[in-house]
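These are the residues of each chain, in order.
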Amino acid sequence: MQGMLRSYKFESHPVLLQEVEQNADRVPYEIVEPSGDTLSAGKPYRFAAKIKRDTRATRSMMWLWTGEVSTEGQGYRVLGTGQEGEMTIPATLARRYPAVINLRLTGMNANGKVYFSDRIYKLTQ
């Protein structure tokens, strides 16, 4: 035990974080719905993502849909999970309307690689 106390074997190493891929050309999916450029708070919307390149890694992706009105300073809210479904944007996301909402789709493939895809919408009441 005394020898282990003098060893550098247990020295902590810096954790290397992976870089999230945000380049639209390298992201293997695209946001299909909601279409248009305006969303209303409190109204249900369909969301869907379409995979552009079908590979082994993209066959079992995990999805997270988040939204943020950056001028309000409240941070991101989780709006949905899954490749497709239905979401409702909470009316408390913004205090002043019309506002700009950043809809972010985070996808993680089977290998653990994480991708971001953003789309900007006008948010009305």
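Use the structure listed above.
Residues numbered from 1 in each chain as written. Predicted model: local features only at pLDDT ≥ 70, side-chain atom pairs only at ≥ 80, totals over all residues. Heavy atoms only, no water.

Draft legend 1. Molecular detail of the overall build of the protein chain. Secondary structure summary: the protein chain contains one helix and eight strands in total. The order of α-helices and β-strands along the protein chain, N terminus first, is α-β-β-β-β-β-β-β-β. Relative to the compact-globule value of 14 Å for 125 residues, the protein chain shows a C-alpha radius of gyration of 20 Å, a clear excess of over 25%. Based on the C-alpha atoms only, the size of the protein chain along its principal axes is roughly 70 × 35 × 20 Å. The contacts in the protein chain between residues at least 6 apart in sequence include a share of 60% that link residues at least 24 apart. Treating the 17 positive side-chain charges of the protein chain as one cloud and the 13 negative ones as another, the clouds have centres 4 Å apart. (Helix = DSSP H or I, 4+ residues; strand = E, 2+ residues; numbered from the N terminus. Rg over C-alpha atoms; globule rule 2.2 N^0.38 Å. Contact = heavy atoms within 4.5 Å. Lys, Arg positive; Asp, Glu negative; His and termini not counted. Charge placed at Lys NZ, Arg CZ, Asp CG, Glu CD.)

Draft legend 2. Representation of unusual backbone geometry in the model. With omega at 5 degrees, the peptide bond leading from Glu33 into Pro34 counts as cis. Within the fold, Pro34 resides in the loop between strand E1 (29–33) and strand E2 (38–40). The linkage connecting Tyr97 with the following residue, Pro98, adopts the cis geometry, with an omega of -5 degrees. Mapped onto the elements of the fold, Pro98 is located in the loop between strand E6 (84–88) and strand E7 (99–108).

Draft legend 3. Up close: the pattern of salt bridges. This model, assessed by the stated rule, comprises four salt bridges. Glu72 is the partner of Arg95 in a salt bridge, and the nearest nitrogen-oxygen pair spans 3.6 Å. Remark: Glu72 occurs in the loop between strand E4 (62–68) and strand E5 (77–81) and Arg95 occurs in the loop between E6 and E7; sequence separation between them is 23 residues. Take Arg95: its relative accessible area is 61%, and that puts it in the exposed class. (Salt bridge = Lys/Arg side-chain N within 4 Å of Asp/Glu carboxyl O. Buried < 20%, exposed > 50% of the residue type's maximum accessible area, 1.4 Å probe, protein only.)

Draft legend 4. Representation of the nonpolar core within the structure. With 24 residues, the main nonpolar core has Trp65, Ile101 and Leu123 as its most contacted residues. Those elements that place two or more of their residues in this core are E1, strand E3 (44–51), E4, E7 and strand E8 (114–124). Here this core gets four residues from one element, more than from any other, and that element is E7. (Core = buried A, V, L, I, M, F, W, Y, C linked by side-chain atoms within 4.5 Å.)

Draft legend 5. Up close: the environment of Leu103. For Leu103, the location among the structural elements is in strand E7. For the pair Leu103 and Thr81, spaced 22 residues apart in sequence, the C-alpha to C-alpha distance is 13 Å. Contacts of Leu103, omitting those with residues within four sequence positions, involve Pro34, Trp65, Thr66, Leu79, Met87, Ser117, Asp118, Arg119 and Tyr121.

Draft legend 6. How the structure looks around the environment of Thr38. As for its position among the elements, Thr38 is in strand E2. Counting along the chain gives 59 residues from Thr38 to Tyr97, while the straight-line C-alpha distance between them is 12 Å. Sequence-distant contacts of Thr38, defined by excluding residues within four places in its chain, comprise Tyr45, Tyr121, Lys122 and Thr124.

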